[in-house]
Amino acid sequence: MTNIAARPLRHSEIIGLGVHRATHVVTNDEIVGPIDSSDQWIQERTGIKQRTWAPADVDVIDMAVDAGSKALAYAGIGADRLGTIIVSTISHPYQTPSAAVLVQDRLGAKNAGAFDISAACAGFPYGLGLANGLISAGESDYVLVIGVEKLSDWTDMSDRGTAFIFADGAGAFLMGPAQQPGIGPTVWGADGSEFDAIVMQPNMIELRNHFEQTGEFDFPKLRMQGQKVFKWAVGSMVDVCYRALAAAGLQPGDIQAFIPHQANNRITDAMVRGLKFPDSVVVARDIIMTGNTSAASIPLALDTLLRDGQVKSGDLALTVGFGAGLAYAAQVIRIP
Amino acid sequence: MTDQEILDTLRSIVNEIAGVAEADVQLDKSFVDDLDVDSLSMVEISMAAEEKFGVSIPDAELKNLKTVADVVNFVKANA
């Protein structure tokens, strides 16, 4: 039999971080009118004091390119050296082509393959797992993973369950080959039987049919069964986190930071109670000032911890993403 | 489990999750109106109760558990 040549196996690490923070600050008081709520109610149930939205003339590609180019600059790697660009988003307004190809063009990453993944709030750790695989197997030397959302476009501001949650922004990690592992094994999974727990509806065909039948235009919006999602996240993600730590050969006290997807501060509280971290572990709370930016929330939260001096380069962090699908993913990372 | 044992365990759960003093968790108290426990904390309390008492509390049942006595009686009937 004739052998197929393969590239040597190796490790990967995160070498760059870049974020784009949406510029328009929206307070709770500005959005409570249509949902008959209050600043206090929103803060008690989510921790959110304000969220940041992108203005009308800034789209997901603008934010992704800004975050991605900062991640490249952080590492001093030119865009032409990228082998793959992975964008996780649920708010890119085209079914096809992907957001990633537009990012590839804008960055001038002429040697990169580019594609999107649809794993919603689990998307960033999903992307890191894919990037680790691509680099470890020798398929790509440098992989840019970007989480980007403009959820303000897809939020029903009269929905009492979601109007105050969602926000906009982008975050990117640049990953490259390494002598020692800079990222632990990814623990991931999905449960499509809970498809309707968080869903963007109507879909495009339903929208067309409804319009043809009634003349009414029903734009797709994110719908969420909040209590069901809360119960799932609180009940299941502690075990997922433990499995990700164990896969990396670590105990809760071995890491310096816990950076969960910024879904809801109450979910973070419950996970922290279950994980029994020592007080030395810093817990990301970026949702308070940023809102829930889905795929972008983990890199945005890491950026805040770095900026505030709560973590430093070389520290270990546990990340976990969870949301629509339902889908989840977790891994330990070494902070670039 | 006796009623008192169920109540004592429930007091500890409510204290840990919602920060309510154990002495305030009396049978006639309403979680929402008297103890200031909101809907998300009730979900967590029900999950902890399921684990500690070995019962299943369906989502539809949760809204019927308004007072401390409601939970004690539910556990007694279903454990």
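Provided above is the structure to which this section pertains.
Residues numbered from 1 in each chain as written. Chains lettered and ligands numbered in written order. Predicted model: local features only at pLDDT ≥ 70, side-chain atom pairs only at ≥ 80, totals over all residues.

Enquirer: I would appreciate a short explanation of the overall build of chain A in the present structure.
Expert: When you go through chain A residue by residue, the secondary structure sums to 10 helices and 14 strands. The C-alpha radius of gyration of chain A comes to 19 Å, within 12% of the 20 Å expected for a compact globule of 336 residues. Based on the C-alpha atoms only, the size of chain A along its principal axes is roughly 60 × 50 × 40 Å. Counting all 336 residues of chain A, 50% fall into the buried class. (Helix = DSSP H or I, 4+ residues; strand = E, 2+ residues; numbered from the N terminus. Rg over C-alpha atoms; globule rule 2.2 N^0.38 Å. Buried ≥ 20, exposed ≤ 12 C-beta atoms within 10 Å, placed from the backbone.)

Enquirer: Please explain the overall build of chain B as it appears in this structure.
Expert: When its secondary structure is counted, chain B shows four helices and zero strands. Sequence-ordered secondary structure for chain B, helices as α and strands as β, is α-α-α-α. Here the C-alpha radius of gyration of chain B, 11 Å, is about what a compact globule of 79 residues would show, namely 12 Å. Taking the principal axes of the C-alpha coordinates as reference, chain B spans close to 25 × 25 × 20 Å.

Enquirer: Can you walk me through helix α7 (residues 226-247) of chain A in this structure?
Expert: Each α-helix turn comprises 3.6 residues. Residues three or four places apart therefore point the same way. Residue and element names in this part refer to chain A. Between its first and last C-alpha atoms α7 spans 30 Å; for 22 residues at 1.5 Å apiece the expected length is 32 Å, and the two agree. The axis of α7 is deflected most strongly, by about 35°, at S236. Within α7, the full set of buried residues consists of V229, F230, K231, A233, V234, M237, V240, C241, A244 and L245. Positive phi appears at G249, one or two residues downstream of α7, with a value of about 70°. (Expected span 1.5 Å × (residues − 1). Bend = angle between axes of the 7 residues up to and from the residue.)

Enquirer: Hey, could you run me through the interface of chain B and chain A in this one?
Expert: In many reports, interface size means the accessible area that the parts give up when they come together. Counting from both sides, the interface comprises six residues of chain B and, opposite them, nine residues of chain A. Looking at side-chain class alone, the side of chain B that touches chain A contains three nonpolar, one polar and two charged residues. (Contact = placed C-beta atoms within 7 Å. Nonpolar A, V, L, I, M, F, W, Y, C, P; charged D, E, K, R; others polar.)

Enquirer: Would you take a moment to explain unusual backbone geometry for this structure?
Expert: Note: most residues except glycine have negative phi, and most peptide bonds are trans. All names here are of chain A. With omega at 0°, the peptide bond leading from T96 into P97 counts as cis. Mapping P97 onto the fold places it in the loop between β4 (82-88) and α4 (99-107). Cis peptide bonds are those with omega within 30 degrees of zero, and the linkage from Q201 to P202 qualifies with -5°. Within the secondary structure, P202 is located in the loop between β9 (198-201) and α6 (204-214). Its identity as a non-glycine residue notwithstanding, S294 has a phi of 50°, on the positive side.

Enquirer: In this structure, what is going on with the sheet that holds strand β7 (residues 168-178) of chain A? I would like to understand it.
Expert: As a general point, the strands of a sheet are linked pairwise by backbone hydrogen bonds and lie either parallel or antiparallel. Residue and element names in this part refer to chain A. Overall, mixed pairing links the five strands, which are arranged β1-β7-β6-β4-β5 in an open sheet. Single-partner strands in this sheet number two, and they are β1 (11-21) and β5 (113-117). Here the average twist between neighbouring strands, direction ignored, is 20°. Note that β4 and strand β6 (residues 142-150) share six bridges and pair parallel. Bridging from a neighbouring strand, V87 pairs with I146 of β6. (Pairing = 2+ DSSP bridges. Axes fitted to C-alpha atoms, helices over the stretch in contact; angles between N-to-C directions.)

Enquirer: What should I look at first to understand the environment of B:F74 in this one?
Expert: Residue and element names in this part refer to chain B. Mapped onto the fold, F74 is located in helix α4 (residues 68-78). C-beta crowding within 10 Å serves as the criterion here: with 20 such atoms nearby, F74 is assigned to the buried category. Note: C-alpha distance between F74 and L40 (34 residues apart in sequence) is 20 Å.

Enquirer: Looking at this structure, I do not really get helix α10 (residues 297-307) of chain A. What am I missing?
Expert: Counting buried positions along α10(A) gives nine out of 11 residues, so the element sits mostly inside the fold. The complete set of buried residues in α10(A) reads A:S297, A:I298, A:P299, A:L300, A:A301, A:L302, A:D303, A:T304 and A:L305.

Enquirer: Any chance you could explain the packing of helix α1 (residues 3-18) of chain B against helix α2 (residues 39-53) of chain B here in plain terms?
Expert: Helix-helix packing is characterised by the crossing angle of the two axes and by the distance between the axes. Residues and elements named next belong to chain B. It is the contact of α1 with α2, at a shortest axis distance of 10 Å, that shows an interaxial angle of 140°. The pairing of α1 with α2 is recorded here as oblique in orientation. The element α1 and its partner α2 pack so that their crossing is right-handed. Of the residues in α2, those in contact with T9, L10, I13, V14, I17 and A18 of α1 are S41, E44, I45, A48, A49 and K52. (Parallel < 35°, antiparallel > 145°, perpendicular 65-115°, else oblique. Left-handed = near helix turned anticlockwise from the far one by under 90°.)

Enquirer: Sorry if this is basic, but what is going on with the pairing of strand β11 (residues 257-260) of chain A here?
Expert: Side-chain positions along a regular strand alternate between the two faces of the sheet. Residues and elements named next belong to chain A. Here β11 shows a buried face lined by A257 and I259 and a second buried face lined by F258 and P260. Pairing geometry for β11 and strand β12 (residues 282-283), over two bridges, is parallel. Bridge assignment links A257 to a residue of β12, and that residue is V282. By the bridge criterion, four bridges tie β11 to strand β13 (residues 316-323) in an arrangement that is parallel. Residue pairing across strands places P260 opposite V320, the latter belonging to β13.

Enquirer: What exactly am I supposed to notice about the sheet that holds strand β8 (residues 187-190) of chain A here?
Expert: Residues and elements named next belong to chain A. What the five strands build is an open sheet, ordered β8-β14-β13-β11-β12; its pairing is mixed. Looking along the sheet, the strands with just one partner apiece sit at the ends: β8 and β12. Its contacts with the sheet put α7 on β8, β13 and β14 (327-334), and the angle it makes with β13 is roughly 145°. Strands in contact with α10 are β11, β12 and β13; relative to β11, the strand with the most contacts, it is inclined by about 145°.

Enquirer: Where do I start with the packing of helix α3 (residues 60-75) of chain A against α4(A) in this structure?
Expert: All names here are of chain A. In the contact formed by α3 and α4, the axes pass within 9 Å of each other and the chain directions differ by 55°. Regarding the angle of α3 to α4, the classification is oblique. With respect to the hand of their crossing, α3 and α4 are arranged in right-handed fashion. Side by side, α3 and α4 meet where V60, I61, A64, V65, G68 and S69 of the first sit next to A99, L102, V103, R106 and L107 of the second.

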